[in-house]
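# A closer look at the structure
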Amino acid sequence: MTKFVAFLRGINVGGNRKVPMADLRQICAAKTAGTGVRSYIASGNLVFEAEGAPEEHAVAIKDGIEEAFGFDVPVLVLDEAAMKAVLDGCPFPRDAGKLVHAYLCYDDPELDLDGVDALRAPTEQVAVLGRTVWLHAPDGIGRSKLAAKVERLIGVDATARNLNTVIKMVSMLDEGDD
(Lines give C-alpha, C1' and ligand atoms only; values in the text may rest on other atoms or scores of the structure.)
Protein backbone atom coordinates (compact mmCIF):
# COMPACT_ATOMS: atom_id res chain seq x y z
CA MET A 1 0.00 0.00 0.00
CA THR A 2 1.16 3.50 -0.83
CA LYS A 3 0.35 6.64 1.14
CA PHE A 4 -1.20 9.52 -0.77
CA VAL A 5 -2.25 13.11 -0.24
CA ALA A 6 -5.21 14.52 -2.16
CA PHE A 7 -5.86 18.23 -2.58
CA LEU A 8 -9.23 19.43 -3.85
CA ARG A 9 -9.49 22.83 -5.40
CA GLY A 10 -12.23 25.29 -4.56
CA ILE A 11 -14.53 23.40 -2.21
CA ASN A 12 -16.18 24.96 0.84
CA VAL A 13 -15.03 28.45 -0.17
CA GLY A 14 -17.49 31.25 0.53
CA GLY A 15 -20.34 28.80 1.01
CA ASN A 16 -19.95 27.43 -2.51
CA ARG A 17 -19.40 23.86 -3.65
CA LYS A 18 -19.96 22.47 -0.17
CA VAL A 19 -18.55 19.03 0.53
CA PRO A 20 -18.77 17.79 4.13
CA MET A 21 -15.50 16.18 5.18
CA ALA A 22 -17.23 13.00 6.39
CA ASP A 23 -18.73 12.58 2.91
CA LEU A 24 -15.41 13.34 1.27
CA ARG A 25 -13.63 10.72 3.37
CA GLN A 26 -16.32 8.19 2.49
CA ILE A 27 -16.06 8.98 -1.24
CA CYS A 28 -12.28 8.66 -1.12
CA ALA A 29 -12.43 5.31 0.66
CA ALA A 30 -15.07 3.93 -1.71
CA LYS A 31 -13.60 5.20 -4.97
CA THR A 32 -9.92 4.48 -4.30
CA ALA A 33 -10.37 1.36 -2.15
CA GLY A 34 -8.34 3.44 0.28
CA THR A 35 -7.83 2.83 3.96
CA GLY A 36 -7.01 5.15 6.83
CA VAL A 37 -8.66 8.11 5.07
CA ARG A 38 -8.21 11.29 7.10
CA SER A 39 -9.03 14.89 6.32
CA TYR A 40 -7.45 18.11 7.47
CA ILE A 41 -9.58 21.25 7.77
CA ALA A 42 -12.60 21.68 5.52
CA SER A 43 -10.80 22.89 2.40
CA GLY A 44 -10.25 19.49 0.83
CA ASN A 45 -7.05 17.92 2.14
CA LEU A 46 -6.91 14.13 2.48
CA VAL A 47 -4.39 11.48 3.45
CA PHE A 48 -5.06 7.83 2.62
CA GLU A 49 -3.41 4.53 1.72
CA ALA A 50 -4.23 2.58 -1.42
CA GLU A 51 -2.87 0.62 -4.34
CA GLY A 52 -2.59 2.30 -7.73
CA ALA A 53 -1.32 5.50 -9.27
CA PRO A 54 -1.95 9.08 -8.12
CA GLU A 55 -3.65 10.01 -11.40
CA GLU A 56 -6.11 7.12 -11.06
CA HIS A 57 -7.05 8.22 -7.56
CA ALA A 58 -7.48 11.85 -8.64
CA VAL A 59 -9.96 10.81 -11.33
CA ALA A 60 -11.77 8.44 -8.96
CA ILE A 61 -12.21 11.10 -6.26
CA LYS A 62 -13.24 13.72 -8.83
CA ASP A 63 -15.83 11.36 -10.33
CA GLY A 64 -17.13 10.44 -6.87
CA ILE A 65 -17.67 14.09 -5.96
CA GLU A 66 -19.44 14.76 -9.24
CA GLU A 67 -21.70 11.75 -8.70
CA ALA A 68 -22.51 12.72 -5.11
CA PHE A 69 -22.74 16.51 -5.41
CA GLY A 70 -23.22 17.28 -9.09
CA PHE A 71 -20.24 19.56 -9.61
CA ASP A 72 -16.74 19.26 -11.00
CA VAL A 73 -13.83 19.63 -8.58
CA PRO A 74 -10.21 19.52 -9.71
CA VAL A 75 -8.30 16.97 -7.62
CA LEU A 76 -4.53 16.62 -7.33
CA VAL A 77 -3.11 13.47 -5.75
CA LEU A 78 0.54 13.08 -4.77
CA ASP A 79 2.18 9.97 -3.42
CA GLU A 80 4.15 10.17 -0.18
CA ALA A 81 7.52 10.67 -1.87
CA ALA A 82 6.22 13.48 -4.09
CA MET A 83 4.53 15.23 -1.16
CA LYS A 84 7.67 15.06 0.96
CA ALA A 85 9.69 16.37 -2.00
CA VAL A 86 7.36 19.38 -2.19
CA LEU A 87 8.06 20.24 1.45
CA ASP A 88 11.77 19.45 1.22
CA GLY A 89 11.99 21.76 -1.78
CA CYS A 90 10.50 24.75 0.00
CA PRO A 91 13.15 27.47 -0.31
CA PHE A 92 11.67 29.63 2.45
CA PRO A 93 11.87 29.39 6.26
CA ARG A 94 9.63 26.71 7.73
CA ASP A 95 8.46 29.10 10.43
CA ALA A 96 7.03 31.51 7.83
CA GLY A 97 3.74 29.55 8.00
CA LYS A 98 0.87 31.50 6.46
CA LEU A 99 3.24 33.92 4.75
CA VAL A 100 4.41 31.20 2.34
CA HIS A 101 2.09 29.56 -0.17
CA ALA A 102 2.72 26.52 -2.33
CA TYR A 103 0.84 26.54 -5.63
CA LEU A 104 0.67 22.86 -6.49
CA CYS A 105 0.35 22.68 -10.26
CA TYR A 106 -1.52 20.05 -12.24
CA ASP A 107 1.08 20.35 -15.00
CA ASP A 108 4.46 22.01 -15.49
CA PRO A 109 4.07 25.73 -14.68
CA GLU A 110 4.68 28.33 -17.36
CA LEU A 111 5.25 31.31 -15.08
CA ASP A 112 4.77 34.76 -16.62
CA LEU A 113 7.88 36.39 -15.15
CA ASP A 114 7.02 39.85 -16.50
CA GLY A 115 3.62 39.63 -14.81
CA VAL A 116 5.22 38.47 -11.58
CA ASP A 117 7.73 41.35 -11.65
CA ALA A 118 4.94 43.88 -12.33
CA LEU A 119 2.97 42.78 -9.25
CA ARG A 120 5.67 41.67 -6.83
CA ALA A 121 6.31 43.85 -3.77
CA PRO A 122 9.99 44.45 -2.99
CA THR A 123 9.84 42.00 -0.07
CA GLU A 124 8.16 39.17 -2.00
CA GLN A 125 9.95 36.19 -3.49
CA VAL A 126 8.82 33.55 -5.96
CA ALA A 127 10.49 30.22 -6.68
CA VAL A 128 9.55 27.43 -9.07
CA LEU A 129 10.61 23.94 -8.07
CA GLY A 130 9.22 21.21 -10.29
CA ARG A 131 5.45 21.51 -10.35
CA THR A 132 5.33 23.76 -7.29
CA VAL A 133 5.40 27.55 -7.40
CA TRP A 134 6.33 29.01 -4.02
CA LEU A 135 5.38 32.53 -2.97
CA HIS A 136 6.80 34.18 0.14
CA ALA A 137 4.90 37.35 1.03
CA PRO A 138 6.40 38.48 4.36
CA ASP A 139 4.09 41.51 4.55
CA GLY A 140 1.04 39.23 4.37
CA ILE A 141 -0.64 37.15 1.68
CA GLY A 142 -3.83 39.21 2.07
CA ARG A 143 -1.94 42.42 1.29
CA SER A 144 -0.07 40.97 -1.67
CA LYS A 145 -1.12 42.08 -5.16
CA LEU A 146 0.90 39.18 -6.53
CA ALA A 147 -0.84 36.58 -4.34
CA ALA A 148 -4.21 37.76 -5.64
CA LYS A 149 -3.21 37.06 -9.25
CA VAL A 150 -0.43 34.49 -9.10
CA GLU A 151 -2.64 31.60 -10.20
CA ARG A 152 -3.30 33.37 -13.52
CA LEU A 153 0.42 33.98 -13.94
CA ILE A 154 1.32 30.31 -13.43
CA GLY A 155 -0.17 29.40 -16.81
CA VAL A 156 -1.65 26.06 -15.68
CA ASP A 157 -4.26 24.96 -13.16
CA ALA A 158 -3.03 24.87 -9.58
CA THR A 159 -4.32 24.63 -6.04
CA ALA A 160 -2.71 26.65 -3.27
CA ARG A 161 -1.93 25.71 0.32
CA ASN A 162 -0.01 27.67 2.92
CA LEU A 163 3.18 26.24 4.33
CA ASN A 164 1.49 25.31 7.61
CA THR A 165 -0.90 23.05 5.68
CA VAL A 166 1.90 21.51 3.62
CA ILE A 167 3.79 20.72 6.83
CA LYS A 168 0.65 19.27 8.45
CA MET A 169 -0.06 17.02 5.45
CA VAL A 170 3.47 15.59 5.58
CA SER A 171 3.13 15.03 9.33
CA MET A 172 -0.16 13.19 8.71
CA LEU A 173 1.67 10.92 6.26
CA ASP A 174 4.18 10.11 9.02
CA GLU A 175 1.56 9.38 11.68
CA GLY A 176 1.53 5.73 12.59
CA ASP A 177 5.02 5.05 11.22
CA ASP A 178 7.39 3.34 13.64
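Structure report, in brief. All of these numbers come straight from a predicted model, not from anything done at the bench. (Residues numbered from 1 in each chain as written. Predicted model: local features only at pLDDT ≥ 70, side-chain atom pairs only at ≥ 80, totals over all residues. Heavy atoms only, no water.)

With that settled, consider the nonpolar core. M83 and W134 are the most contacted members of the largest nonpolar core, which totals 22 residues. Grouped together as the second largest cluster of nonpolar side chains are 20 residues, I27, F48, A50 and F71 included. (Core = buried A, V, L, I, M, F, W, Y, C linked by side-chain atoms within 4.5 Å. Buried < 20%, exposed > 50% of the residue type's maximum accessible area, 1.4 Å probe, protein only.)

What follows covers the pattern of salt bridges. Enumeration according to the criterion identifies 10 salt bridges in this entry. Its salt-bridge partner being R94, residue D88 comes within 3.7 Å of it at the nearest N-O pair. You can call D88 exposed: its relative accessible area is 60%. Between R131 and D107 there is a salt bridge whose closest N-O contact spans 3.2 Å. With a gap of 24 residues between them, R131 in the loop between β6 (125-129) and β7 (132-136) and D107 in the loop between β5 (100-105) and α4 (113-119) connect regions that are remote in the sequence. Three or more residues are tied together by salt bridges with common partners; here these are E80, K84 and D174. (Salt bridge = Lys/Arg side-chain N within 4 Å of Asp/Glu carboxyl O. Helix = DSSP H or I, 4+ residues; strand = E, 2+ residues; numbered from the N terminus.)

Further remarks concern helix α2 (residues 54-69). Along its 16 residues, α2 runs 22 Å from first to last C-alpha, staying within 8% of the 22 Å computed at 1.5 Å per residue. Along α2, the residues classified as buried are P54, H57, A58, A60, I61, G64 and I65. Buried residues in α2, looked at end-on, bunch into an arc of 165 degrees, giving them a common side. Residues E55, E56 and E67 are exposed on α2 and point more than 90 degrees away from its buried face. (Expected span 1.5 Å × (residues − 1). Arc of directions from axis to C-beta.)

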